[in-house]
Amino acid sequence: TTSSNDDSTKSQHLYFSTPLILSQPLTNLCNRPIYLKLDSLQPSGSFKDRGMAHLCTTLRSTKGTTRLISSSGGNAGLAVATVGSKLGMDVQVIVPQTTKELVLQKLRGLGADVTVHGANWNEADVLARQRAGEDEEAEYVSPYDDPLLWTGHSTVVDEIVLSSVEESIGAIIASVGGGGLICGILEGVSRHNDVLGKTRIVAAETIGASSFGGAWNNNKDVNFKLNAIDSIATSLGALQVTPVALERASKHEENGGSVRAALCTDAEAVEACVRFSQDHRILVEPACGAALAVLYSDRVREGALEGVGEGEAVVVEVCGGSGVNSELMESWRKEFL
């Protein structure tokens, strides 16, 4: 079975099935089959097109929504602008002052009405919710905290299961910001419990943006909240993870699977981005580098994949991100490596 939203949103080219390829360099490094799920190839540059496609089409068909107001550190805003414009909807995006000029240009290029407001995402989000509340024809679009997004994101697991991976899948690695992607992955894993029920889910973050890891490693405390984001991986910048991520992760463990929070330094995330660009000629943000660092860093890999069967495959969700170009990559390399 697959998510019911899969065919309609895909047929409208709102998101695409992405390649799942064996990485020979990472397979050699990790001494086990490593597969890359290349969601960096989605039209907006990240996995978020999946969730936004499902959310936007559902809002339009059930509520007749024509205007969308989003808050985003970048990638969710780009996804709603990409999908919304294809559906002929007006899109307004509120972004914090930390947002890169590169992303602001991309948002405006997609036709979005952009407002820069607040020191962090949480402050931008307050304004987005306020504006949506004052506009009867507009709907607020959360970057990560909406069941419609999670169901859209869950299609990544359908594609992994339908792929031609010969080995059993021992682990799926994904970065966590506010928790939307991990909620979707856990939803998809639950749907394919017969083949993925025992799979290790690795939730990857940088130490300075560890809203999931902080909560998970603190007795799964749903009230855990970071005081501030202190990381180069600004796209992971939610102070608090959605409680549903912790609930679904706990449920996966109750059903016989396992979940690990993997925390890397900013330097490890950047090094993973640099090495990945050398190995695969693809640029990704440090937020995605957190997931790749689970493989490129011997230190992180050891803890994250401990107990995963030696011959089992590992799939890493290459979630992408648009806040990167060759100049930024070089500046990060100089700063951290």
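Here, every reference points to the structure presented above.
Computed from a predicted model, the values in this text were never measured in an experiment.

S.K.: Run through the pairing of strand E10 (residues 313-318), naming residues and quoting values.
M.R.: Sheet faces and side chains relate simply in a regular strand, where the side chains alternate between the two faces. In terms of residue burial, E10 counts as a mostly covered element, since 6 of its 6 residues are buried. Taking every second residue as pointing to the same face, both faces of E10 are buried, with Ala313, Val315 and Glu317 on one and Val314, Val316 and Val318 on the other. Of the pairings in the sheet, the one linking strand E2 (residues 34-38) to E10 comprises 5 bridges and is parallel in character. Looking across to E10, one finds that lysine 37 is bridged to glutamate 317. Of the strand pairs in this sheet, strand E7 (residues 169-175) and E10 are connected by 4 bridges, and their pairing is parallel.

S.K.: Which residues make up the nonpolar core, and what values go with them?
M.R.: Ranked by internal contacts, the top residues of the largest apolar core, which has 99 residues, are Ile173, Ile185, Phe212, Phe276, Leu292, Leu295 and Val318. Examining the composition of this core, we find that 9 residues originate from one element, helix H14 (residues 286-296), more than from any other. If sequence neighbours within four positions are ignored, leucine 292 has contacts with Ala272, Phe276, Val284, Val316 and Val318. Core analysis: the second largest hydrophobic core is formed by 11 residues, Ala132, Ala138, Tyr144 and Ala238 among them.

S.K.: Help me get a handle on the side chain of arginine 301, residues and values and all.
M.R.: Here arginine 301 lies in helix H15 (residues 298-304). With near-sequence residues (within four places) excluded, arginine 301 lies in contact with Leu29, Cys30, Val294, Leu295, Tyr296 and Glu306.

S.K.: So what's going on with the packing of aromatic side chains? Residues and values would help.
M.R.: Inspection of the entire model under this criterion finds 2 aromatic pairs. Between the aromatic rings of phenylalanine 212 and tryptophan 216, the centroid separation amounts to 5.6 Å while the plane-to-plane angle is 15°, which identifies the pairing as stacked. With phenylalanine 212 and tryptophan 216 both in helix H11 (residues 211-216), this residue pair falls 4 residues apart, about one helical turn. One exposure class covers both phenylalanine 212 and tryptophan 216, and it is buried. Above the plane of the ring of tryptophan 216 lies lysine 220, whose end atom (NZ or CZ) is 4.5 Å from the centre.

S.K.: Lay out the pattern of salt bridges with the relevant residues and their values.
M.R.: One pass over the full model with this rule turns up 16 salt bridges. For arginine 50, the salt bridge identified is with aspartate 39, shortest N-O distance 2.9 Å. Of this pair, arginine 50 sits in helix H3 (residues 48-63) while aspartate 39 sits in the loop between E2 and H3, and the two are 11 residues apart along the sequence. When its relative accessible area of 1% is taken as the criterion, arginine 50 is described as buried. Across the pair arginine 299 and glutamate 268 runs a salt bridge whose closest N-O atoms are separated by 2.8 Å. You can see arginine 299 sitting in helix H15 and its partner glutamate 268 sitting in helix H13 (residues 266-280), a full 31 residues away along the chain. When its relative accessible area of 49% is taken as the criterion, arginine 299 is described as partly exposed.

S.K.: Let's hear about unusual backbone geometry: which residues, and what values?
M.R.: Although it is not a glycine, histidine 13 sits at a positive phi angle of roughly 55°. Secondary-structure assignment places histidine 13 in the loop between helix H1 (6-11) and strand E1 (20-22). Positive phi values are uncommon outside glycine, yet asparagine 31 reaches one of about 60°. Structurally, asparagine 31 can be placed in the loop between helix H2 (24-30) and E2. You can call asparagine 31 exposed: its relative accessible area is 70%.

S.K.: Talk me through the packing of H13 against helix H16 (residues 326-336); I want residue IDs and the actual numbers.
M.R.: The N-to-C vectors of H13 and H16 enclose an angle of 135°; their axes lie 10 Å apart at closest approach. Judged on the interaxial angle alone, H16 and H13 are oblique. Both H13 and H16 take part in a crossing whose hand is left-handed. Where H13 approaches H16, its residues Asp266, Ala267, Val270, Cys273, Val274 and Ser277 are matched on the opposing element by Met329, Trp332, Arg333 and Phe336. Residue composition of the contact of H13 with H16, grouped by class: 7 nonpolar, 1 polar and 2 charged.

S.K.: Just give me the short version of the sheet that holds E7, but keep the residues and values in it.
M.R.: Judged by pairing direction, the sheet is mixed, and its 6 strands sit side by side in the order E1-E2-E10-E7-E8-E9 without closing on themselves. In the strand order of this sheet, the two ends are held by E1 and strand E9 (258-264), each with one partner. Geometrically, the sheet is characterised by an average inter-axis angle of 25° between neighbouring strands, direction not taken into account. Here helix H9 (residues 180-191) sits on the sheet in contact with E7, strand E8 (200-206) and E10, set at roughly 155° to E7.

S.K.: How would you sum up the sheet that holds strand E5 (residues 113-116)? Please name residues and give values.
M.R.: Taken together, the 4 strands give an open sheet; going across it, the order is E5-E4-E3-E6, and neighbouring strands pair in parallel fashion. For this open sheet the edge positions go to E5 and strand E6 (138-141), each flanked by a neighbour on one side alone. Across the sheet, the axes of successive neighbouring strands diverge by a mean angle of 20°, strand direction being ignored. Pairing between strand E4 (residues 90-95) and E5: 4 bridges, direction parallel. Bridge pairing in E5 links isoleucine 94 to threonine 115.

S.K.: Lay out the packing of helix H4 (residues 75-86) against helix H5 (residues 101-109) with the relevant residues and their values.
M.R.: At a closest axis distance of 9 Å, the pairing of H4 and H5 adopts a crossing angle of 15°. Considered as vectors, H4 and H5 are oriented roughly parallel to each other. In the crossing of H4 with H5, the sense of the turn from one axis to the other is left-handed. The residues of H5 that touch H4, namely those facing Gly77, Leu78 and Ala81, are Val103, Lys106 and Leu107. Here the contact of H4 with H5 is composed, by residue class, of 4 nonpolar, 1 polar and 1 charged.

Parameters at a glance
- Residues numbered from 1 in each chain as written.
- Predicted model: local features only at pLDDT ≥ 70, side-chain atom pairs only at ≥ 80, totals over all residues.
- Heavy atoms only, no water.
- Buried < 20%, exposed > 50% of the residue type's maximum accessible area, 1.4 Å probe, protein only.
- Helix = DSSP H or I, 4+ residues; strand = E, 2+ residues; numbered from the N terminus.
- Pairing = 2+ DSSP bridges.
- Core = buried A, V, L, I, M, F, W, Y, C linked by side-chain atoms within 4.5 Å.
- Contact = heavy atoms within 4.5 Å.
- Phe/Tyr/Trp six-rings, centres within 6.5 Å; stacked < 30°, edge-to-face > 60°.
- Lys NZ or Arg CZ within 6 Å of the ring centre and 35° of its normal.
- Salt bridge = Lys/Arg side-chain N within 4 Å of Asp/Glu carboxyl O.
- Axes fitted to C-alpha atoms, helices over the stretch in contact; angles between N-to-C directions.
- Parallel < 35°, antiparallel > 145°, perpendicular 65-115°, else oblique.
- Left-handed = near helix turned anticlockwise from the far one by under 90°.
- Nonpolar A, V, L, I, M, F, W, Y, C, P; charged D, E, K, R; others polar.

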